Amino acid sequence: MFKQQVNFEWQVGDDEFGGLFHSAHLTPQFAQTATAEAMLTLPGVPSAWTAPYPEGDGQCLPALTTEPGQWITPGELHFLLRRLRELFFLAIATLLVQSMAPTLEQLEQQRVEAGVAAALALEFQAWQQKDRQLFASLLDMPAAERWQWEWRDYWSLSAANFTDLATTVQHVARQGKLVQVETLVSRPSTRWWQSSPYREIRFYRESAGRWVRTLPPQSYWGAQHVAETEHLRFEYYAYDAPAIEPQMAKLETVYVDLHQRLELDPDYQYKWTFALIPDRSSGRMGPFYRYEYTSPALSEVPNELSDQDFVAQMMVSTMASRAVYGGAILSRRSYLNRWEMLVWALYGWLRTDLLQQRSPWHAQAQAIFRESIEHQLPLTLDDLERWPESNRPAQERVMRQYMVSESLIDFAMTTYGRDKLPRLLQGLERYREWDQLTAEVFGVSTVTFATGWNGYLEKTYLQSSMDKQSNPTTQGDHQ
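Description of the structure in this document. Not measured: the values here are computed from a predicted model. Starting from 1, residues in each chain are numbered consecutively following that chain's sequence as written. Where totals are concerned, whole chains, interfaces and linings use all residues; where local detail is concerned, this predicted model gives features only for residues with pLDDT of at least 70, and gives and counts side-chain atom pairs only at 80 or more. Side-chain descriptors were evaluated using all non-hydrogen atoms of the structure, hydrogens and water having been removed beforehand.

### Digging into the environment of Glu 396
Helical segments are the DSSP runs of H or I of at least four residues, strand segments are the runs of E of at least two, and each set is numbered from the N terminus. Looking at where Glu 396 falls in the secondary structure, it is placed in helix α10 (residues 394-416). Using a 1.4 Å probe on the protein chains alone, a residue whose accessible area is under 20% of its type maximum counts as buried, one over 50% counts as exposed, and one in between counts as partly exposed. Overall, the relative accessible area of 23% leaves Glu 396 in the partly exposed class. Taking the C-alpha atoms as reference points, Glu 396 and Ile 368, separated by 28 residues in sequence, lie 7.0 Å from one another.

### Things to note about helix α9 (residues 360-373)
Multiplying one less than the number of residues by 1.5 Å gives the expected span of a helix. Between its first and last C-alpha, α9 extends 20 Å over 14 residues, near the 20 Å set by a 1.5 Å rise per residue. Within α9, 10 of the 14 residues are buried, leaving the element largely enclosed by the surrounding structure. What α9 keeps buried is the set Pro 360, Trp 361, His 362, Ala 365, Gln 366, Ile 368, Phe 369, Arg 370, Ser 372 and Ile 373.

### Brief notes about the packing of aromatic side chains
Think of it this way: a Phe, Tyr or Trp ring, Trp meaning its six-membered ring, pairs with another when their centres are within 6.5 Å, and the plane angle makes it stacked under 30 degrees, edge-to-face over 60, tilted otherwise. A full pass over the atoms with the stated rule returns 24 aromatic pairs. Ring plane angle 45° and centroid distance 6.3 Å describe the contact between Tyr 270 and Tyr 289, whose orientation is recorded as tilted. Of this pair, Tyr 270 sits in the loop between α6 (248-261) and β10 (272-277) while Tyr 289 sits in the loop between β11 (285-286) and β12 (290-294), and the two are 19 residues apart along the sequence. Grouping aromatic residues by their ring pairs yields a cluster made of Phe 234, Tyr 255, Tyr 268, Tyr 270, Trp 272, Phe 274, Tyr 289, Tyr 291 and Tyr 293. For a ring to carry a charge above it, either NZ of a lysine or CZ of an arginine must fall within 6 Å of the ring centroid while also lying within 35 degrees of the normal to the ring plane. The ring of Trp 339 carries Arg 338 above its face, with NZ or CZ at 4.1 Å from the centroid.

### Points about α6
The terminal C-alpha atoms of α6, which comprises 14 residues, lie 20 Å apart, in line with the 20 Å expected from a rise of 1.5 Å per residue. Of the residues flanking the end of α6, it is Glu 263, one or two places downstream, whose phi is positive at about 55°.

### What to know about the pattern of salt bridges
In the sections that follow, a salt bridge refers to a side-chain nitrogen of Lys or Arg positioned within 4 Å of a carboxyl oxygen of Asp or Glu. Following the criterion strictly, the structure yields 20 salt bridges and no others. Put simply, Asp 307 and Arg 199 hold a salt bridge, and the shortest N to O gap is 2.9 Å. Pair noted here: Asp 307 is in helix α7 (residues 307-325) and Arg 199 is in strand β6 (residues 198-207), with a separation of 108 residues, a long-range link. According to the relative accessible area criterion, Asp 307 is partly exposed, its value standing at 31%. With a relative accessible area of 22%, Arg 199 lands in the partly exposed category. Among the ionic pairs, Asp 257 bridges to Arg 261, the shortest N-O distance being 3.4 Å. Linking Asp 257 with Arg 261, this pair stays in helix α6, spanning four residues, or about one helical turn. Given a relative accessible area of 27%, Asp 257 falls into the partly exposed group.

### As for unusual backbone geometry
Pro 378 follows Leu 377 through a cis peptide bond whose omega is 0°. By the element assignment, Pro 378 lies in the loop between α9 and α10. With a phi angle near 50°, Lys 130 is a residue other than glycine that sits in the positive phi range. Locating Lys 130 in the fold gives a position in the loop between α2 (104-129) and α3 (132-137). Unlike most non-glycine residues, Gln 356 shows phi in positive territory, near 55°.

### Concerning the packing of α9 against α10
Only the stretch in contact is used when fitting a helix axis, every axis being a line fitted to C-alpha atoms; angles between N-to-C directions are given from 0 to 180 degrees. In contact at an axis separation of 8 Å, α9 and α10 are set at 85° when each is read in the N-to-C sense. Classified by the angle their axes make, α9 and α10 are roughly perpendicular. Counting all contacts with α9, which are made through Trp 361, His 362, Gln 364, Ala 365, Gln 366, Ile 368, Phe 369 and Ser 372, the residues of α10 involved are Gln 395, Glu 396, Met 399, Arg 400, Tyr 402, Met 403, Val 404, Glu 406 and Ser 407. Of the residues belonging to the contact of α9 with α10, the class tally is eight nonpolar, six polar and three charged. Should an angle fall under 35 degrees it is called roughly parallel, over 145 degrees roughly antiparallel, and 65 to 115 degrees roughly perpendicular, with every other angle called oblique. What makes two residues a contact is simply this: any of their non-hydrogen atoms within 4.5 Å. Ten residue types, Ala, Val, Leu, Ile, Met, Phe, Trp, Tyr, Cys and Pro, are classed as nonpolar, four, Asp, Glu, Lys and Arg, as charged, and the remainder, Gly among them, as polar.

### Overview of the side chain of Glu 200
Looking at the secondary structure, you find Glu 200 in strand β6. The class of Glu 200 is buried, set by a relative accessible area of 7%. Setting aside anything within four residues of it in sequence, one finds Glu 200 in contact with Val 181, Glu 182, Thr 183, Val 185, Arg 213, Ser 299 and Glu 300.

Put into structure tokens, the structure is as follows:
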């Protein structure tokens, strides 16, 4: 409900010509409280009036005595002012009542917001009590199963890693029979790729006196669009056009650059197709080089990323992994199993380098890695396969292990040059031992390679951390 503060200023006095003058000034302002302030100035009424001659030497007219019928008497003035004041307060009261009375739209908005708040309160209760039945009752049943499976993962967390669910409502908008709710969510992550907090758009509909989460109908997303560049094809609905259309040319450039770096042919039998779909998808791969992604409107988007950046990171990650593993048809995956974590780090490093942008997950992983190795250097090449610190949450252990491999990739590219990328990929496919890999790809022994890597770790992570502590204005990492 909008409330209004009204300031009123009323003056009665002599104007510059000596006549009786009165004015009113009304200034409405939206505020939290409604008050009416009357500031009344009532100067004395002169018993005589003097004024300069219209012409002449500046002499004054003789004083004029106040007489009935010529000027109002003090009593008449008092009566007039009282009547004006009563009329004024009546007008102000009418104005306040009209301005403070909520419209039908405002009443409906308040009702919807209260319903959504009640649904979120029940969701929090289900979260705390791990009440599957209560949680299921808050979901529109055709879409319930996919969300229930996600919550089962959270409920499986140990008591030490289980934390409260924090959901902040940022905006509520009625859209026909649906309500769109923009939220910011913080909760523990069971997926290694998910960071917190994240933005989430929720859709609710009213059912049997409560609001339940649901998915919009197909018509909500608008017409389907298809657009193509030289090597890529994009499928999306009108709703997601702002998230994908402005960056199609950039994604085409990234695709060509990636294949040039790895010395791969960018022309496949079919164009790679990236589809944004209005449904929950895990980035599944279809036939003929087709990849599906959940619309940002139904995704858990890291709060630090725009929808465009989020979509670009998903698609470039697919590009890099498919290129490293050999595309959709000719797969070298079976030959790369020996170096699984290193290969994962390789295409993660490629995505970051191609986009010149780190994910929020990566920033968190770097912080964990820096803390972890502070008292563990020097590392050995065998540490890529060891998973220490079993007391850490699973996601943090994955982050730490990923960063061990990515730091090695970054060291190798920084020290020996990015032109070694094609040879490194071929070496990972061909060799099974470090001695062979470092000698054939970089021309050095494992001892030399590991020594250089540890020096890089100390300079990049430990020294940079000390520099930041001594100079808080330092921004970014050396990588």
